[in-house]
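Summary of structural features
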Amino acid sequence: MASLLSDRQREELHRSILDYLHAQNFGDAFNALQTESGVQYIPDPKAKYAGLLEKKWTSVIRLQKKIMDLENRNAMLVEELSLSPARRAASQTDWVPRAPARHVLTGHRSPITRVAFHPVFSVVASASDDTTVKLWDWETGEFERTLKGHTKAVSDVDFDAKGDLLGTARTLEPVRNRGSFQLIGASVVLYSVSCSSDLTIKLWDVQNEYKNTKTLVGHDHSVSTARFMPSGDLIVSASRDMTIRLWDVSTGHCLKTYSGHSQWVRSVLPSEDSKLLISSCNDHTARLWDAQTGEVKMDFLGHENIVEVAIFAPISTYPSIRELAGLSSTDRSKAPGLFVATGARDKTIKLWDATSGQILRNLTGHDNWVRALVFHPTGKFLLSAADDKTIRVWDLKTGRCTKTVEAHSHFVQCMSWGGAKSAASAAGAPRNGEEESGENRINVLATGSVDQSVKIWTP
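Rules used throughout
Residues numbered from 1 in each chain as written. Predicted model: local features only at pLDDT ≥ 70, side-chain atom pairs only at ≥ 80, totals over all residues. Heavy atoms only, no water. Pairing = 2+ DSSP bridges. Helix = DSSP H or I, 4+ residues; strand = E, 2+ residues; numbered from the N terminus. Axes fitted to C-alpha atoms, helices over the stretch in contact; angles between N-to-C directions. Salt bridge = Lys/Arg side-chain N within 4 Å of Asp/Glu carboxyl O. Buried < 20%, exposed > 50% of the residue type's maximum accessible area, 1.4 Å probe, protein only. Core = buried A, V, L, I, M, F, W, Y, C linked by side-chain atoms within 4.5 Å. Contact = heavy atoms within 4.5 Å. Phe/Tyr/Trp six-rings, centres within 6.5 Å; stacked < 30°, edge-to-face > 60°. Lys NZ or Arg CZ within 6 Å of the ring centre and 35° of its normal.

**Let's talk about the sheet that holds strand S31 (residues 453-457)**
Through backbone hydrogen bonds, the strands of a sheet pair up, either in parallel or in antiparallel fashion. What the 4 strands build is an open sheet, ordered S1-S31-S30-S29; its pairing is antiparallel. Strand pairing shows two members of the sheet lacking a second neighbour, strand S1 (103-106) and strand S29 (412-417), which therefore form its edges. Pairwise comparison of adjacent strand axes, ignoring direction, gives a mean angle of 20 degrees for this sheet.

As structure tokens, then:
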């Protein structure tokens, strides 16, 4: 193979190596190199070759470090430039969180267990182990009120999806009382729901000063999750009593009990069309349920520890997930609930094909329990939060972690993306050629932590 060095450079290299071998008392190697290279070298402490190899070596290391520092600095400057006011509008749809957070909301006296956005107004609710739910204005960072009623840790909070009426603003007049609407002389009743280790689920009337209107009782142990079904007239809950229950909002009665998990059910969520439920459990599994019959349609087996969270992938993610998994590009099905993402205490995130139960991709990178997952509204990214105190952003087309944000000073236990629609989406106009998929949501993210704070992340 042709040498990259000139004859002079090659001779200087040999002499430098010979000087190094002599200085290290490697006599046999010194003699062998002299013989094979044909270079005769008499060591001289004053010669330019003395210590030259070590000097060159350390210089290369220093230069490599400088190059890495410059590359990192350049990447930061490029990111700052891309988020400058002049270019922010163009990059708005693909925005992902970056430090620092816009607001740090403090007031809870124990770890934050859940955060949830009002579907129309700039209100975010936080649930905490301190037995309360607090409401905040995420735009200003101001505290609004505290909801008291539970007697033990509050594990979940959710808003009624009926509040998502801004898309038909032409027939509605939103009233700035944080939760009621005037609809040609009639008002739309909105609810929020919370659940607790006190075995209860509580309904709060958003329109009537968040008055606790109903308390649902039936679970035999701590209630982990309570979420509205998309229709808004039903609630699905999961509990440490190993069951999932379906409740009627109007009567407060339990309509159905789903049994099958063998341990504490950590979470449950409905699909967009309300036909399916996805649950996660201490038994190291996630399960897909038929919401109507209670039949278990699929067990997702593969995690090696407690599965903390399981969510459905929205339809907007399907093209990226299919590309990632190498699935047929001719499959254009847009039925809700085709793909699932799970996060567990084994520090991994898994993407699943819900129809076959096969793992499509393992996402590894977190250094501690994965606590929360959120799909980006564009369908291009998956965001994860974990006990390693970070938020990670995963590119769904490649499966690579593209960004890590040092989010909190303690475990990050929950995360939620804002539900309110952007102005363009509310007016019914798709942006940048996007489909009218209902994914044009305002760019705002909330996280909650064991450090007792809620953080708001915006562009």
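**Some thoughts on the pattern of salt bridges**
For the structure on display, the rule yields 13 salt bridges. Close ionic contact of Asp7 with Arg10 constitutes a salt bridge, the shortest N to O distance being 2.4 Å. Taken as a pair, Asp7 and Arg10 lie in helix H1 (residues 7-23) at a separation of 3 residues, close to a single helical turn. Accessibility expressed as a relative area gives 28% for Arg10, which makes it partly exposed. In this structure, Glu11 engages Arg15 in a salt bridge whose closest nitrogen and oxygen atoms are separated by 3.1 Å.

**Observations concerning the nonpolar core**
With 31 residues, the main nonpolar core has Ile278, Leu288, Phe300, Leu351, Leu373, Phe375 and Leu382 as its most contacted residues. Setting aside residues up to four positions removed in sequence, Leu288 forms contacts with Leu276, Leu277, Ile278, Glu295, Val296, Lys297, Met298, Phe300, Phe312 and Ala354. Formed by 17 residues, the second largest nonpolar core is a distinct cluster that contains Val96, Ala372, Val374 and Ile391.

**A word on the packing of aromatic side chains**
This model, assessed by the stated rule, comprises 6 aromatic pairs. Between Trp95 and Trp417 the ring centres are 5.7 Å apart and the planes differ by 65 degrees, which places this aromatic pair in the edge-to-face class. Residue Trp95 is located in the loop between helix H4 (85-91) and S1, and its partner Trp417 is located in strand S29; the two are separated by 322 residues in the primary sequence. For the pair Trp95 and Trp417, a shared accessibility class is recorded, and that class is buried. Aromatic pair Tyr318 and Phe339: ring centres 5.2 Å apart, planes at 80 degrees, arrangement edge-to-face. You can see Tyr318 sitting in helix H5 (residues 318-325) and its partner Phe339 sitting in strand S22 (residues 339-344), a full 21 residues away along the chain. Classification of Tyr318 as buried rests on a relative accessible area of 1%. Residue placement shows Arg266 over the ring face of Trp264; its charged tip is 3.9 Å from the ring centre. Taking the ring centre of Trp369 as reference, the NZ or CZ of Arg345 above it sits at 3.8 Å.

Shape is all these values report; function is a separate question.
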